Amino acid sequence: MADDRNQLGAFLRARRELVTPGEAGVPVVGPRRVPGLRREEVAMLAGISADYYLRLERGRDRSPSAQVLRSLARVFRLDDDSTAYLLGLAGDTPRRPRRRRRETVPPSTAAFLALLPVPAFIEGRYLDVLAANPLATALSPCLVPGANRLRDVLLDPGEQALFAGWERAAEVLVAHLREAAGTDTDDARFVELVGELSLASPLFRRLWARHDVRARTAAAITFHHPQVGEITLNREKLLVSGTDGVMLVAYHATPGAEADKLALLGATVADRVSR
């Protein structure tokens, strides 16, 4: 991937192009040939020289101070997750060797997953489904071991139909993937997945080029389910202790109509199992 050699510069260029002069408080005089801010405008707003900022974007200086990076984060209107990612790009953490990391589910976690009375699955660092309970699979047929959440949302029409606004769901998942990978872009699974999706999905290519970053956190998700209709569930993502980024993902409903719909989905699973 082209930005592997200079991730910091690639991130700065992408974010610079997403901030309009109006958002940054820069007066617009005459026609502009570049999207977003010019390099000299970023430098002025961040309080650094234009030459130094150019060196950062071109990879000639990959160890700026935290103060400089926080100034750039302010200019680019970055949130806490994206600011932490930017600081990490300029850190001194050594690059790990390229390898395929085998992610596994601890036996106690697998046993706990089977006992949960709500849809739940285990998600790997790069959004691979490592395990799922029957209720999760009833919620989405794609929630089975061996699947990948981002691939399915981007490429599977059935999964897209399940979401209220699947492109927005894909945007969030792409940002999750970049946050999870951090600077470890030599990981073989990461290289494989990004390469596959870059070839298969124009939307992925566009979203990946934005360098959006978002931590995997709780959210409310609305599904258009073929059996229970529209249902909004609260999604929780909990880090599995003793693992490197493996998450327990569970969906639960608020009391009332949504809980009734989830109970109906559970009843269909129980009926199928009893047959």
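Definitions and cut-offs
Position labels on residues start from 1 in each chain and follow its written sequence. With the structure being a predicted model, the display of local features is reserved for residues of pLDDT at least 70 and the display and counting of side-chain atom pairs for 80 or more, all residues being used for whole-chain, interface and lining totals. Computation of side-chain values: all heavy atoms of the structure, hydrogens and water removed. Here a strand is any run of E in DSSP of at least two residues, a helix any run of H or I of at least four, and the numbering for each starts at the N terminus. Classification of residues uses two cut-offs on accessible area relative to the type maximum, computed with a 1.4 Å probe and protein chains only: under 20% is buried, over 50% is exposed, and between them is partly exposed. We call two residues contacting when some pair of their heavy atoms lies within 4.5 Å. Accessible areas in this description were obtained via Shrake-Rupley with a 1.4 Å probe; residue shielding takes into account the shown protein chains only. When charges are counted, Lys and Arg contribute as positive and Asp and Glu as negative, whereas His and the chain ends are disregarded. Just so you know, the charge point we use is NZ for Lys, CZ for Arg, CG for Asp and CD for Glu. Within this scheme, the nonpolar core is defined by two criteria: the residues are buried Ala, Val, Leu, Ile, Met, Phe, Trp, Tyr or Cys, and they are joined through side-chain atoms within 4.5 Å. To define axes, lines are fitted to C-alpha atoms, for helices over the stretch in contact only, and angles between the resulting N-to-C directions are given on a 0 to 180 degree scale. Roughly parallel covers angles under 35 degrees, roughly antiparallel covers those over 145, roughly perpendicular covers 65 to 115, and oblique covers all other angles. Each crossing gets its handedness from the near helix: less than a right angle anticlockwise from the far helix is left-handed, clockwise is right-handed. Only Asp, Glu, Lys and Arg are considered charged, only Ala, Val, Leu, Ile, Met, Phe, Trp, Tyr, Cys and Pro nonpolar, and every remaining residue, Gly among them, polar. Within this document, salt bridges are pairs made up of a side-chain nitrogen of Lys or Arg and a carboxyl oxygen of Asp or Glu, the two lying within 4 Å of each other. The criterion for an aromatic pair is that two Phe, Tyr or Trp rings (for Trp, the six-membered ring) have centres within 6.5 Å, with stacked assigned to planes under 30 degrees apart, edge-to-face to planes over 60 apart and tilted to the rest. Here, over-ring charges are defined by two tests on the NZ atom of lysine or the CZ atom of arginine: distance to the ring centre within 6 Å, and angle to the ring normal within 35 degrees.

Trainee: Report on the overall build of the protein, specifying residues and quantitative values.
Mentor: Scanning the protein from N- to C-terminus turns up 14 helices and five strands. C-alpha extents for the protein along the principal axes are approximately 70 × 40 × 35 Å. When burial is assessed residue by residue, the protein has 48% of its 275 residues classed as buried. Taking the intrachain contacts of the protein between residues at least 6 apart in sequence as the baseline, contacts between residues at least 24 apart amount to 57%. Just so you have it, the protein exposes about 13500 Å², and 55% of that area is on carbon and sulfur atoms. For the protein, the centre of its 38 positive side-chain charges and the centre of its 34 negative side-chain charges are spaced 5 Å apart.

Trainee: Tell me about the nonpolar core, and please be specific about residues and values.
Mentor: Leu150, Leu177, Phe204, Phe223 and Tyr251 are the most contacted members of the largest nonpolar core, which has 40 residues in total. Among the elements that make up this core, the one with the highest residue count is helix H11 (residues 166-181) (six residues). Contact partners of Phe204, with chain neighbours within four places excluded, come to Leu150, Leu154, Val174, Leu177, Val194, Leu197 and Ser198.

Trainee: Can you break down the packing of helix H12 (residues 188-200) against helix H13 (residues 202-210) residue by residue, with the values?
Mentor: Packed helices, taken two at a time, are described by the angle their axes make and the gap between the axes. At a minimum axis distance of 5 Å, the contact between H12 and H13 shows a crossing angle of 120°. Relative to H13, the element H12 lies oblique. Every pair of crossing elements has a handedness; the one defined by H12 and H13 is left-handed. Every residue of H13 that contacts H12 at Phe190, Val194, Leu197, Ser198, Leu199 and Ala200 is listed here: Pro202, Phe204, Arg205 and Trp208. Here the residues of the contact of H12 with H13 sort into eight nonpolar, one polar and one charged.

Trainee: Break down the pattern of salt bridges for me, citing the residues and quoting the values.
Mentor: This model, assessed by the stated rule, comprises 14 salt bridges. Where Glu57 meets Arg39, a salt bridge forms, and the shortest distance between an N and an O atom there is 2.9 Å. Here Glu57 is found in helix H4 (residues 50-57), whereas its partner Arg39 is found in helix H3 (residues 39-46), with 18 residues between them in sequence. Residue classification places Arg39 among the partly exposed positions, given a relative accessible area of 30%. Salt bridges sharing common partners tie together Arg15, Arg210 and Asp212.

Trainee: Give a detailed account of the packing of aromatic side chains, specifying residues and quantitative values.
Mentor: One pass over the full model with this rule turns up six aromatic pairs. Summarising the aromatic geometry, the rings of Phe190 and Trp208 are spaced 5.8 Å apart at their centres and angled 50° between planes, so their arrangement reads as tilted. Separated by 18 residues along the polypeptide, Phe190 in helix H12 and Trp208 in helix H13 bring together distant segments of the chain. Each of the two residues, Phe190 as well as Trp208, counts as buried. Note that Arg178 overlies the ring of Trp208, its terminal NZ or CZ placed 3.8 Å from the centroid.

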